[in-house]
Amino acid sequence: MESKFFSQLIEALKLCIDGLPETLMLTFSSVIAGFMIAIILSIPRANKNSLGGRSVGMFTYVFTGTPLLVQLYIIYYGLPEFSWVQDLQEVKGFEFMKGGFFWAWLAFTLNTAAYSTEIFAGAIRNTPNGDIEAATAYGMGRSQLMRHVVMPSSLRRALPAYSNEIIMMMHGTSLASLVTLMEVMGQTSSYYSRTYELFPAFTAAGIVYLSLTLIFVFCFRQLEKRYLSHLKRSAH
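Residues numbered from 1 in each chain as written. Predicted model: local features only at pLDDT ≥ 70, side-chain atom pairs only at ≥ 80, totals over all residues. Heavy atoms only, no water.

**Student:** Sorry, what's going on with the packing of aromatic side chains here?
**Tutor:** For any pair of aromatic rings, geometry is given as the distance between the ring centres together with the angle between the planes. If you walk through the whole model with that rule in mind, you get 15 aromatic pairs. Taken together, a centroid distance of 5.4 Å and an interplanar angle of 70° make the contact between Phe 5 and Phe 6 edge-to-face. Arranged with centres 5.1 Å apart and planes meeting at 25°, the rings of Phe 5 and Phe 199 form a pair that is stacked. Here Phe 5, found in helix 1 (residues 2–45), pairs with Phe 199, found in helix 9 (residues 198–227); they are 194 residues apart in sequence, far enough to count as distant. On the basis of relative accessibility, which here comes to 57%, the residue Phe 199 falls in the exposed class. Counting every residue linked through ring pairs, the aromatic cluster contains Phe 94, Phe 96, Phe 102, Trp 103 and Trp 105. (Phe/Tyr/Trp six-rings, centres within 6.5 Å; stacked < 30°, edge-to-face > 60°. Helix = DSSP H or I, 4+ residues; strand = E, 2+ residues; numbered from the N terminus. Buried < 20%, exposed > 50% of the residue type's maximum accessible area, 1.4 Å probe, protein only.)

**Student:** Even after reading the chapter, I still don't get the nonpolar core, so can you show me in this structure?
**Tutor:** As a rule of thumb, soluble globular proteins bury nonpolar side chains together. Formed by 55 residues in total, the largest nonpolar core has its most connected members in Trp 103, Phe 108 and Phe 120. Of all the secondary structure elements, the ones that give two or more residues to this core are helix 1, helix 3 (68–78), helix 5 (100–125), helix 7 (142–172), helix 8 (184–195) and helix 9. Among the elements that make up this core, the one with the highest residue count is helix 7 (twelve residues). Residue contacts for Phe 108: discarding those within four places in its chain leaves Leu 26, Ser 30, Leu 68, Met 169, Gly 172, Thr 173 and Ala 176. (Core = buried A, V, L, I, M, F, W, Y, C linked by side-chain atoms within 4.5 Å. Contact = heavy atoms within 4.5 Å.)

**Student:** Even after reading the chapter, I still don't get the side chain of Gln 187, so can you show me in this structure?
**Tutor:** Residue placement: Gln 187 occurs in helix 8. By relative accessible area, which is 14% here, Gln 187 ends up buried. Beyond its immediate stretch of four places on either side in the chain, Gln 187 contacts Leu 15, Cys 16, Asp 18, Gly 19 and Met 182.

**Student:** When you look at helix 9 in this model, what are you seeing that I'm missing?
**Tutor:** For the α-helix, the turn length of 3.6 residues means that residues three or four positions removed from each other point alike. The first and last C-alpha atoms of helix 9 sit 43 Å apart over 30 residues, in line with the 44 Å expected at 1.5 Å per residue. Among all positions of helix 9, only Pro 200, Ala 201, Ala 204, Ala 205, Val 208, Tyr 209, Leu 212, Thr 213, Phe 216, Phe 220 and Glu 224 are buried. (Expected span 1.5 Å × (residues − 1).)

**Student:** Before we go on, may I ask you to explain a nonpolar patch on the surface in this structure?
**Tutor:** On the surface, Phe 28, Ile 32, Phe 35 and Met 36 cluster together to form a nonpolar patch covering roughly 390 Å² of accessible area. Position of Ile 32 relative to the elements: it lies in helix 1. (Patch = residues over 30% accessible without salt bridge, like charges linked within 9 Å, V, L, I, M, F, W, Y side chains within 5 Å. Areas by Shrake-Rupley, 256 points an atom, 1.4 Å probe, with all protein chains shown as cover. Salt bridge = Lys/Arg side-chain N within 4 Å of Asp/Glu carboxyl O.)

Below is the structure:
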């Protein structure tokens, strides 16, 4: 019985590893795009009372206040129903919109952009006044202050919270299996539907996701040691 389980586990693990590139591609592409969006949106969002801050707040409220699964279904099944989207899919160069990967990527990108925006905006608000006063005294304008002082400092301080967001997004990509993508969980579901062996199938998926999490945590800890060590020293 045990030998059968381990042979099934190995088989399931091989399939999960086959889906690993899809999971990593979906994770990193959505995180990179979401990061760029969040950098732009976090600046107006840092001022909650401004028109821009409130407008961005509506966007982040929608995507942080609804489940990722609901967002995925709306974007994957809902948006392609619009005639202008269907027409755009027929235009040369936009054929990629016919595939499921693009719509899953869009859902994950918007979701992580919303959470990241709030993380970065909070870090901007918490920028020490001393840093701002020193930069102002040095003669920096508003754009220079934001580019050379506020954003670099904020991104360093946001690293622990942002690293958790990236890990959660990696876990969230498992939902892509529900829209036919064959990433890690998609391969797991395929194996289970073929063999009806639930325990080895999902044990294999758990091992893969746990391994990815450990790798991500290790990498982020190294980044934190490099970029946040000065904050720990100043606290003592």
